[in-house]
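Chain by chain, the residues run as shown.
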Amino acid sequence: MPSPRVSRFFSQVDQAEFALCRSINRSLRYRPVLTLFKVVSRLGDGWLWYVLILSLPLIYPEEGLAIALLMTGAGLACTITYKLLKRWLVRERPFISFPVIHCGTPPLDRYSFPSGHTLHAVCFTTVLALTLPALAILLLPFTLAVAASRVVLGLHYPSDVLAGALIGGAMGLVTTAWGAQPLLTMTATQTGVAG
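Rules used in this analysis
- Residues numbered from 1 in each chain as written.
- Predicted model: local features only at pLDDT ≥ 70, side-chain atom pairs only at ≥ 80, totals over all residues.
- Heavy atoms only, no water.
- Helix = DSSP H or I, 4+ residues; strand = E, 2+ residues; numbered from the N terminus.
- Buried < 20%, exposed > 50% of the residue type's maximum accessible area, 1.4 Å probe, protein only.
- Contact = heavy atoms within 4.5 Å.
- Areas by Shrake-Rupley, 256 points an atom, 1.4 Å probe, with all protein chains shown as cover.
- Expected span 1.5 Å × (residues − 1).
- Patch = residues over 30% accessible without salt bridge, like charges linked within 9 Å, V, L, I, M, F, W, Y side chains within 5 Å.
- Salt bridge = Lys/Arg side-chain N within 4 Å of Asp/Glu carboxyl O.
- Phe/Tyr/Trp six-rings, centres within 6.5 Å; stacked < 30°, edge-to-face > 60°.
- Disulfide = S-S within 2.5 Å.

### Details of the overall build of the chain
Point 1. Across its full length, the chain holds seven helices and zero strands.
Point 2. Each helix (α) and strand (β) of the chain, taken in turn from the N terminus, gives the series α-α-α-α-α-α-α.
Point 3. Counting only C-alpha atoms, the chain reaches 60 × 40 × 20 Å along its principal axes.
Point 4. Taking all 195 residues of the chain together, 47% fall into the buried category.
Point 5. Sequence-distant contacts, at least 24 apart, represent 80% of the contacts inside the chain between residues at least 6 apart.
Point 6. Entry remark: accessible area of the chain is about 10,400 Å², with carbon and sulfur atoms responsible for 71%.

Here is the structure:
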């Protein structure tokens, strides 16, 4: 359970963000908007990232395996981080706190802060920006759509998304700075031995 101070803080922030959440959430009245963001959300559950990670060694034979391993490690660290934060901070989702906000798709877990989808998307895009910038540019619109989907679908407050983006970006930077060189060296050595 969070401390009373944390609960009061989130209650105040929830009230401050309610009007913005509600106005963004109203776009769900338009079926194409609902359909688009449900698809983006589903892909952001991990499916697009899993396919990408498995494909990297095939698309980029020299460095793809190292980058796939880097992304896998970053993804595991992201999952542990956001689950611990959600369990510790216990912020209810907008559609739970405010019934006038409609839930566009069922959430993967109960709590709201931070946005795990955004955290992962920004982390992976940051890793790619530092290792395969051209691919990161191609994925940037999807990453932005994932972040937007969280508020549009009534699953998160804007501050959840912002926190997820900041944490994910930091984790992507740290993971790449810490792990890229050893993995790329290892992969290059194995490729040289195999050749």
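From this point, things continue past the structure.
### As for helix 5 (residues 116–131)
Point 1. Along its 16 residues, helix 5 runs 23 Å from first to last C-alpha, staying within 8% of the 22 Å computed at 1.5 Å per residue.
Point 2. Of all 16 residues in helix 5, 14 are buried; the element is thus mostly enclosed.

### Concerning a nonpolar patch on the surface
Point 1. Taken together, the side chains of Val39, Leu43, Trp47 and Tyr50 present a nonpolar region at the surface, about 400 Å² in accessible area.
Point 2. Inspection of the secondary structure assignment puts Tyr50 in helix 2 (residues 31–59).
Point 3. The class of Tyr50 is partly exposed, set by a relative accessible area of 46%.

### Digging into the pattern of salt bridges
Point 1. Counted under the stated rule, the structure contains seven salt bridges.
Point 2. Ionic pairing is found between Asp45 and Arg42, a salt bridge with its closest N-O pair at 3.1 Å. On the criterion of helical spacing, the pair formed by Asp45 and Arg42 is a turn pair, its members being three residues apart in helix 2.
Point 3. Judged by relative accessible area, Asp45 falls into the partly exposed class, the value being 21%.

### A short note on the packing of aromatic side chains
Point 1. Within the structure shown, the criterion is met by six aromatic pairs.
Point 2. Taken together, a centroid distance of 5.7 Å and an interplanar angle of 85° make the contact between Trp47 and Tyr50 edge-to-face. In this pair, Trp47 and Tyr50 are both assigned in helix 2, three residues apart and thus about one turn of the helix distant.
Point 3. By relative accessible area, which is 46% here, Trp47 ends up partly exposed.
Point 4. Ring centres of Trp49 and Phe124 lie 5.2 Å apart, and the angle between their planes is 50°; on these two criteria the pair is classed as tilted. Residue Trp49 is found in helix 2, and its partner Phe124 is found in helix 5; the two are separated by 75 residues along the sequence.
Point 5. Residue class for Trp49 comes out buried when judged on its relative accessible area of 2%.
Point 6. Through pairs of rings, three or more aromatic residues link up here, namely Phe9, Phe10 and Phe113.

### Considerations on the state of the cysteines
Point 1. Tallied over the full model, the rule gives zero disulfides.
Point 2. Cys103 carries a free sulfur, and the closest cysteine sulfur to it, the one in Cys21, is 13 Å from it.
Point 3. Among the cysteines around Cys123, which has no disulfide bond, Cys78 carries the closest sulfur, lying 3.5 Å off.
Point 4. Take Cys123: its relative accessible area is 0%, and that puts it in the buried class.

### As for the environment of Val146
Point 1. As for its position among the elements, Val146 is in helix 6 (residues 133–152).
Point 2. Residue Val146 is classed as buried on the basis of its relative accessible area of 1%.
Point 3. Ignoring anything within four residues of it in the chain, the contact list for Val146 reads Val40, Gly44, His117, Thr118 and Ala121.

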